[in-house]
Structures are given as structure tokens and as C-alpha cells.
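An overview of the molecular structure
Spelled out, the chains give:
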Amino acid sequence: MLRFLVRRTLGASVILLIISACTFFLFYAIPRDPALLHCGKTCDPESLEIIRRNLGLDKPLTEQYWTYMAGIFAGRDFAVGPCPAPCFGYSFASNEPVWGTIVDRLPTTVSLALGGAVVFLVLGLGAGMLAAWRRGGLTDKLLSSVSLVFSSLQIYFVGPLAIALLVYQLELFRQPEYVPITESPADWFAGLLIPWFVLSLIFTAQYTRMSRSTLIEQLAEDHVRAARAKGMPGRTVFFRYAWRGSLIPVVTIFGIDLGALFGGAMVTEFTFTLPGLGRLAVESVLNTDLPMLMGVMLFAATMIIAFNILVDAVYAFIDPRVRLS
């Protein structure tokens, strides 16, 4: 297990380095000067040159990239003050520390990701198990049809529709917003109900179809049929042998989805105007804010890779036939 984790960590480090380099150098393909964002419309050449020097934009790209990556581990000094490690620099748009901004936005994304994941995982696995248990029956056909319809929906369509119907028309829920759970748990829960509801519709359909198909495949495996031949009860065979083995592909996709949600669900946060990491990434692109974009991209990539490593490590506990080498 230790060798596996070390090997995957080294591989993840290489991937993160490639992602950081691609993001950094592709940023300069954008035909906009970040220094102009600071200088404003009434900027003169002398002021623009001073700003470029303060931001380090007057140096070669390779030197800028090396300085940026070294600052993550060792910290850096800026004109506005020192930046301790992990230093992702200061925002071009707001002059705020990038890491501090990410930490401020993270609770919104975590609340959205964990709450939505609990809802769609429970509903999706439950519906998939029920459909597989009643394979070929009315329940199976109904759940399969509903999941097919829901899987074709998109968040940017369902989100505004849910707000218009549930908030303004029926007045059953409050307008989606993020309230820190430390301030008011009730307001935190009520403000995220609709985003969780919309996420559950989209993701539940995916997990319903996936868990149903994998369960049906597991029920046809030799070890499951052997358990039946020994006279074991149907429920024991279903849950102890078939259901446990069907979790591997589900856990794989769940790890990817949860990592992406932790990194920032851009469409969801923009649809519901939630101040999370996904919305922050889009804002940094629109503002030509390289330090903020780099910070969010690296954080999102780290979350996705970390959850993938965790998923691989969990495989052996889910299915004893899987061994990590």
C-alpha cells in the first residue's frame, strides 16, 4: 500500500506540474495586458511600466513561471508585502492574496459538494438497487425511464426553472444563497436546498443507471450463482456478494465527481450565484487574473487527483479480489 501511494503521489506531482505549465503559458495567448487592468483607462506609459515591474511582467515567461512555482513552497516578496508559503501570489484584479481568497470561497464549494453528493448518492444508489432487484418489472421500467429523462437535463436549464417555480411561483423555498453554517445552520440548509435538489436530479439519474447495470452484471457472476446454488437467501446474495462488487465503478465515478465538485462546480455556482471556487475561476478568466486562475486550477486539479488516489486505495476494502501492487 505504501509503495502504491508513493508511486501515485509522484505521478500526481508530474500531472500538477504539467497542468500548471499549460495554464501559465496559455494564459499569455490571451490578447490582453494584465497591467492595464491595474492601470485603468487614464494610464500613461510610465505608470504602466511601473505596474508591469511590480507584477513581475517585465521578466521572461520562464523566469516568471519558476518564480511562481518556487513561491508556492518557499513564499515570495511583493511590492505590497511578503507572501508566506503556500504563496500563489496576489490577484491582479483585487490585490488580495490568492490563497486567502481561495480559503474564503472554499466553504461554499464544500457545502455545495458534500450536501449535493449525499443527496444524489443515496437516491441514485437506492433507485439503482431497486431497479436491479425488480429487473424487468414495472418499477424497473419506471425508474429507468425517469433516469433517462433526468440524464438529458442540464443545470443551467433546471436551475432557473426550479427558482422560478419553487421560489417565485409556489414560494416553497427561499432564494438560493450561501450563509456560513457557523452563523445559522438553518439558513445554511435552507439557502442550499434548491442547488442540492437540482444537483440530485442530474447526478441521481447517472448513478441510478450505473448502479443498476453493474448490479445486473454482478448478479450474473459465477461467485454469485455459486452462492445461490448453496441455498443462501436471496437478500444475502444480493447485498453481500452482488451489491458489494457493483460498487467499484460507482466509487470510481463518485471520486471523480466529488473531486470536480470540490474544485468548483462552475455551472452550478454561476447558475445560483454562489460565491464558490467555480465562479471564482470564471471571474479570474474574465478579469485576466493569472494568479487567481492558477491558484484555482491547481487547487481543483489537486482535489480531483487526491480523490482518485483515495478511490484506488478503497478498492481493496470494497472487493477482496482487488489487490493494489
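Residues numbered from 1 in each chain as written. Predicted model: local features only at pLDDT ≥ 70, side-chain atom pairs only at ≥ 80, totals over all residues. Heavy atoms only, no water.

Focus on the state of the cysteines
- A full pass over the atoms with the stated rule returns 1 disulfide.
- Bridging Cys 83 to Cys 87, the disulfide has an S-S length of 2.2 Å. Looking along the S-S bond of the Cys 83-Cys 87 disulfide, the torsion reads about 115 degrees, which is the right-handed sense.
- Among the residues examined, Cys 83 registers a relative accessible area of 7% and is labelled buried.
- The exposure class assigned to Cys 87 is buried, which follows from its relative accessible area of 0%. (Disulfide = S-S within 2.5 Å. Buried < 20%, exposed > 50% of the residue type's maximum accessible area, 1.4 Å probe, protein only.)

Considering the packing of aromatic side chains
- Counted according to the given criterion, the structure contains 11 aromatic pairs.
- On the numbers, 5.6 Å between centres and 25 degrees between planes, the contact of Phe 88 with Trp 99 is stacked. Of this pair, Phe 88 sits in the loop between β2 (81-83) and α5 (98-133) while Trp 99 sits in helix α5, placing them 11 residues apart in sequence.
- Judged by relative accessible area, which is 34%, Trp 99 ranks as partly exposed.
- Geometrically, the ring pair formed by Tyr 207 and Phe 254 is edge-to-face, given 6.5 Å between the ring centres and 75 degrees between the ring planes. A residue pair is termed long-range when its members are at least 10 positions apart, and Tyr 207 in helix α9 (residues 193-219) and Phe 254 in helix α11 (residues 234-264) qualify at 47 residues. (Phe/Tyr/Trp six-rings, centres within 6.5 Å; stacked < 30°, edge-to-face > 60°. Helix = DSSP H or I, 4+ residues; strand = E, 2+ residues; numbered from the N terminus.)

Description of the layout of surface pockets
- Each pocket or cavity is described by its volume, and for the largest pocket that value is around 510 Å³.
- Every residue lining the largest pocket is counted, 25 residues in all, and those nearest its centre are Asn 54, Leu 55, Gly 56, Arg 76 and Phe 78.
- Every element with two or more residues in the lining of the largest pocket is listed here: α3 (45-55), α4 (61-74), β1 (76-78) and α14 (290-318).
- With 4 residues, α3 is the single largest residue contributor to the lining of the largest pocket.
- Its boundaries defined by the atoms lining it, the second largest pocket holds a volume of some 300 Å³.
- What lines the second largest pocket is a set of 13 residues, among which Leu 16, Ile 72, Phe 88, Leu 298 and Thr 302 lie closest to the centre.
- Here the lining of the second largest pocket is composed, by residue class, of 10 nonpolar, 3 polar and no charged. (1 Å grid on protein atoms, 1.4 Å probe; cavity = no way out; pocket = protein on both sides within 12 Å on 5 of 7 lines; lining within 4 Å. Points joined across faces, edges and corners; volume = space filled by probe spheres on them. Nonpolar A, V, L, I, M, F, W, Y, C, P; charged D, E, K, R; others polar.)

Considering the side chain of Thr 204
- With respect to the helices and strands, Thr 204 occurs in helix α9.
- Separated by 2.4 Å, the side chain of Thr 204 and the backbone oxygen of Ser 200 make a polar contact.
- For Thr 204, the contacting residues outside a window of four places in its chain are Phe 120, Leu 123, Gly 124 and Leu 199. (Polar contact = N/O pair within 3.5 Å; in protein donor to acceptor, adjacent residues only side chain to side chain. Contact = heavy atoms within 4.5 Å.)

What to know about a nonpolar patch on the surface
- Together, Tyr 156, Phe 157, Leu 161, Met 266 and Val 267 give the surface a local cluster of nonpolar side chains, amounting to about 530 Å² of exposed area.
- For the nonpolar patch, the elements supplying multiple residues, two or more each, are α7 (155-169) and α12 (266-271).
- For the nonpolar patch, the element with the highest residue contribution is α7, accounting for 3 residues.
- Here Val 267 is to be found in helix α12. (Patch = residues over 30% accessible without salt bridge, like charges linked within 9 Å, V, L, I, M, F, W, Y side chains within 5 Å. Areas by Shrake-Rupley, 256 points an atom, 1.4 Å probe, with all protein chains shown as cover. Salt bridge = Lys/Arg side-chain N within 4 Å of Asp/Glu carboxyl O.)

Some points on the side chain of Ser 91
- Its place among the elements puts Ser 91 in the loop between β2 and α5.
- A distance of 2.4 Å separates polar atoms of two side chains, one belonging to Ser 91 and the other to Asp 289.

Section: the environment of Tyr 68
- Among the structural elements, Tyr 68 can be located in helix α4.
- For Tyr 68, the residues in contact, after removing those within four places along its chain, are Phe 24, Arg 76, Cys 87, Phe 88, Pro 291, Met 294, Gly 295 and Leu 298.

Regarding the nonpolar core
- In this structure, Tyr 68, Ile 102, Phe 120, Ile 194, Val 198, Leu 258 and Phe 272 are the most contacted members of the largest nonpolar core, which totals 58 residues.
- When residues no more than four places from it in sequence are discounted, the contact partners of Ile 194 are Ala 162, Ile 163, Leu 166, Val 167, Phe 173, Arg 174, Pro 176 and Phe 272.
- Counting residues in hydrophobic clusters, the runner-up holds 10 residues, among them Met 129, Ala 132, Ala 227 and Phe 238. (Core = buried A, V, L, I, M, F, W, Y, C linked by side-chain atoms within 4.5 Å.)

A short note on the UniProt feature "transmembrane region" (unreviewed entry) in the chain
- The UniProt entry lists residues 12-30, 112-133, 145-168, 188-208, 247-272 and 292-318 under the feature "transmembrane region" (unreviewed entry), expressed in the numbering used here.
- End C-alpha atoms of residues 145-168 are separated by 29 Å, and the span's content is 88% helix alongside 0% strand. (UniProt positions renumbered as here; feature names shortened; annotations may be inferred.)

Observations regarding helix α1 (residues 2-27)
- Helix length check: α1, at 26 residues, gives a terminal C-alpha distance of 37 Å against a target of 38 Å (1.5 Å per residue), a fit within 8%.
- Along α1, the residues classified as buried are Phe 4, Ala 12, Ser 20, Thr 23, Phe 24 and Phe 27. (Expected span 1.5 Å × (residues − 1).)

Quick look at the confidence of the model for the chain
- When the pLDDT values of the chain are averaged, the result is 84; 93% of them are 70 or greater.
- Mean pLDDT across the elements of the chain bottoms out in helix α2 (residues 34-39) (70) and peaks in helix α8 (residues 185-191) (93). (pLDDT = per-residue confidence, 0-100.)

Quick look at unusual backbone geometry
- The omega torsion of the bond from Ala 85 to Pro 86 falls at -5 degrees, within 30 degrees of zero and hence cis.
- A positive phi is found at Glu 171, a non-glycine position, where the angle reads about 55 degrees.
- Along the chain, Glu 171 turns up in the loop between α7 and α8.
- Residue Glu 171 is classed as exposed on the basis of its relative accessible area of 64%.

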